[in-house]
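As a plain string of letters, each chain reads:
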Amino acid sequence: MSKSNDIKALYEEFMMPVYSPEIVLSDGQGCKVRNPENATYYDFTSGIGVHNAGHCHPKVVKAIQAQAAVLGHCSNLFINAKQALLAQKLVKLGGPAFRGGKVFFCNSGGEANEAAIKLARKWGSPEGRYEIVTMRNSFHGRTLATLTATGQAWCQEGYDPLPVGFRYADYNDIESVRAALTDKTVAIMLEAVQGEGGVNPATGEFMKGVRELCDEKNLLMICDEVQCGMGRTGKWFGWQHSGAAPDLFTCAKALAGGVPMGALVGNAKCADVFTKSSHASTFGGNPLACAAALAVISVIEEEKLLEAAAKTGELLHAALEGFAEKYDQVLEVRGRGMMAGMVVEGSAAEVAALFRDYGLLVCTAGEHVVRFLPPLNLKESELEEAVEMMSDALEELYGDGGAE
Ligand SMILES: *Cc1c(COP(=O)(O)O)cnc(C)c1O
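The shown structure was predicted, so the numbers you read here are calculated from the model rather than taken from an experiment.

Participant: Any details on the sheet that holds strand 14 (residues 339-344)? Residues and values, ideally.
Facilitator: Ordered by their spatial adjacency, four strands build an open sheet running 13-14-17-16, and the pairing between neighbours is antiparallel. Strands with a single pairing partner mark the edges of an open sheet, and in this sheet they are strand 13 (330-336) and strand 16 (363-364). Across the sheet, helix 10 (residues 305-326) is in contact with strand 13, strand 14 and strand 17 (369-372); its angle to strand 13 comes to roughly 165°. Contacts from helix 11 (residues 348-357) reach strand 14, strand 16 and strand 17, with the element oriented near 45° to strand 17.

Participant: Now, about the nonpolar core: what can you tell me, with residues and values included?
Facilitator: Core analysis: the biggest nonpolar cluster contains 99 residues, and F44, I188, M342, F355, F372 and M390 have the highest contact counts within it. When residues in this core are grouped by element, the largest group, nine residues, is from helix 9 (residues 287-302). Setting aside chain neighbours within four positions, we find F44 in contact with L360, L361, V362, R371, F372, L373, P374, L378, L383, A386 and M390. Judged by nonpolar contacts, the second largest core, of 23 residues, contains A115, L119, I132 and A187.

Participant: Outline the packing of helix 10 against helix 12 (residues 380-398), listing residues and values.
Facilitator: Helices that pack against each other are described as a pair by the angle of their axes relative to one another and the distance between those axes. Contact geometry for helix 10 and helix 12: axes closest at 11 Å, N-to-C directions at 15°. As the angle between them shows, helix 10 and helix 12 are arranged roughly parallel. Viewed along their axes, helix 10 and helix 12 form a crossing whose handedness is right-handed. Where helix 10 abuts helix 12, its residues K311, T312, L315, L316, A319, L320, F323 and K326 lie against E380, L383, V387, M390, S391, L394 and E395. By residue class, the composition of the contact of helix 10 with helix 12 is nine nonpolar, two polar and four charged.

Participant: Tell me about the sheet that holds strand 5 (residues 131-135), and please be specific about residues and values.
Facilitator: Sheet architecture is open: seven strands sit in the order 4-12-11-10-7-5-6, paired in mixed fashion. Every interior strand has two partners, whereas the edge strands, strand 4 (102-106) and strand 6 (166-169), have only one. Each adjacent strand pair in this sheet contributes to an overall mean axis angle of 20°, direction not counted. Here five bridges tie strand 4 to strand 12 (residues 262-266), and the two strands are oriented antiparallel to one another. Pairing of F105 across the sheet is with A263, part of strand 12.

Participant: Now, about helix 5 (residues 109-124): what can you tell me, with residues and values included?
Facilitator: With 16 residues, helix 5 extends 23 Å between its outermost C-alpha atoms, agreeing within 8% with the 22 Å of an ideal straight helix rising 1.5 Å per residue. Listing the buried residues of helix 5 in full gives G109, G110, A112, N113, A115, A116, I117, L119, A120, W123 and G124. Between a side-chain oxygen at the N-terminus of helix 5 and the backbone nitrogen of E111 the separation is 3.1 Å; the capping residue is S108.

Participant: Tell me about the packing of helix 3 (residues 58-70) against helix 9, and please be specific about residues and values.
Facilitator: Packing of helix 3 against helix 9 brings their axes to within 8 Å, and their N-to-C directions diverge by 155°. Classified by the interaxial angle, the pair formed by helix 3 and helix 9 is roughly antiparallel. Judged by the sense of rotation from one axis to the other, the crossing of helix 3 with helix 9 is right-handed. Of the residues in helix 9, those touching helix 3 at K59, V60, A63, I64, Q67 and A68 are P287, L288, A291, A292, A295, V296, V299 and E302. When the residues that make up the contact of helix 3 with helix 9 are grouped by side-chain class, the tally is 11 nonpolar, one polar and two charged.

Participant: Residues and numbers for the pattern of salt bridges, please.
Facilitator: It is possible for side chains of opposite charge to pair when their charged atoms get near one another. The tally for this structure, following the rule as stated, stands at 19 salt bridges. Across the pair K89 and E301 runs a salt bridge whose closest N-O atoms are separated by 2.9 Å. Highlighted residues: K89 in helix 4 (residues 81-93) and E301 in helix 9, separated in sequence by 212 residues. With its nearest N and O atoms 3.4 Å apart, the salt bridge here joins E395 to K326. A residue pair is termed long-range when its members are at least 10 positions apart, and E395 in helix 12 and K326 in helix 10 qualify at 69 residues. Overall, K326 belongs to the partly exposed group, its relative accessible area being 37%. Residues participating in the shared-partner salt-bridge network are E175, R178, E216 and K217.

Participant: Explain the site of the ligand residue by residue, including any values.
Facilitator: In the region of the ligand, the neighbouring residues are S108, G109, G110, N113, F139, H140, G141, E191, D224, V226, Q227 and K253. Separating a nitrogen atom of the ligand from a backbone N or O atom of F139 is a distance of 3.2 Å. Within the side chain of K253, an N or O atom sits 2.6 Å from an oxygen atom of the ligand. When isolated, the ligand has an accessible area of 380 Å², and the protein chains bury 80% of it.

Participant: Requested: an account of the environment of V164, with residues and values cited.
Facilitator: Its place among the elements puts V164 in the loop between helix 6 (144-149) and strand 6. We classify V164 as exposed; its relative accessible area is 62%.

What counts and how
Residues numbered from 1 in each chain as written. Predicted model: local features only at pLDDT ≥ 70, side-chain atom pairs only at ≥ 80, totals over all residues. Heavy atoms only, no water. Pairing = 2+ DSSP bridges. Helix = DSSP H or I, 4+ residues; strand = E, 2+ residues; numbered from the N terminus. Contact = heavy atoms within 4.5 Å. Axes fitted to C-alpha atoms, helices over the stretch in contact; angles between N-to-C directions. Core = buried A, V, L, I, M, F, W, Y, C linked by side-chain atoms within 4.5 Å. Buried < 20%, exposed > 50% of the residue type's maximum accessible area, 1.4 Å probe, protein only. Parallel < 35°, antiparallel > 145°, perpendicular 65-115°, else oblique. Left-handed = near helix turned anticlockwise from the far one by under 90°. Nonpolar A, V, L, I, M, F, W, Y, C, P; charged D, E, K, R; others polar. Expected span 1.5 Å × (residues − 1). Polar contact = N/O pair within 3.5 Å; in protein donor to acceptor, adjacent residues only side chain to side chain. Salt bridge = Lys/Arg side-chain N within 4 Å of Asp/Glu carboxyl O. Near = heavy atom within 4 Å. Areas by Shrake-Rupley, 256 points an atom, 1.4 Å probe, with all protein chains shown as cover.

Laid out in structure tokens, this is it:
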């Protein structure tokens, strides 16, 4: 059971076929991973935006090992110090708008958004308000409520009847959001940079417009920071680029460096909406996940990874822009920091498969967007090597430097 083909056969026999992975991975370090046959790849998926400090960062590994050896899990029947410290830290990272705020911990992005939806409904329930306006091309998770919040039909097919209470608006179009409001609306939910929906950044003007609309109509503004948070865009949270702060934001993916964890952070207005027994999670915020998250946050701080993400992100964007200039088939480059999307004319999956053959793993986001989520501590030399691979692959695919 050590060869890729044997493992793949077992996988295909026993795993429900919701994913379609091609390669087996056995280990990873920093921005690189290997398969059982020792083929090495640059990993610009980072486990889908999870390994912001790279695979197996020694400080994160050490924190997980140490915590597992003393108290891995104890449930929320008891207080664990790491949880309280992490909650304090997340509230602090939210900045002045979150002074007096509080946190609820869970285990995934979908669950964190589910918690945000429940909190908003509970907050609006005295007035009978429950509708949440979300954006087209958003992605908020796979629970029934969060896939309904997700403004994309493909992930809702076959799951009728969907929960009521969601309306959709166009991203970066404040008039569309205004038009979606009713007297039942309780919240507006959005990503500061849409991830799965194609790496679309919100404009600062749109974020501010949503904030103003929420203030005007007494609505909660919810930012889903599951993908664009934890330093990915060069700030702790994507909304911090805009100057508009939400009332609630959710984190997961990169939060605990690969240990499954989600968090809902609320400002002072939202801090005590959930009351005793009104929401809960068995695993949420267990000592193991909290120790991992505290280690991830201190690595980001100590190694100045926000600055690194901004700086290396610029180099990545510049390299991709170079491809857009060189090839007509590369239509556009979008994103922020270490979250980049390259829009291609044909199939993004075809480009990703070719990159893989050249030794670089990337994500896609929809039909036409190749998505790059490298670790924030990627070295310039590593980026250069990966760009070389992309360059060779695109040359093979799109011809000899000239668009025909
Ligand atoms: C991945 C993602 C989710 C869902 O997170 P899970 O941990 O897979 O449940 C929600 N929102 C956004 C923006 C995401 O990128």
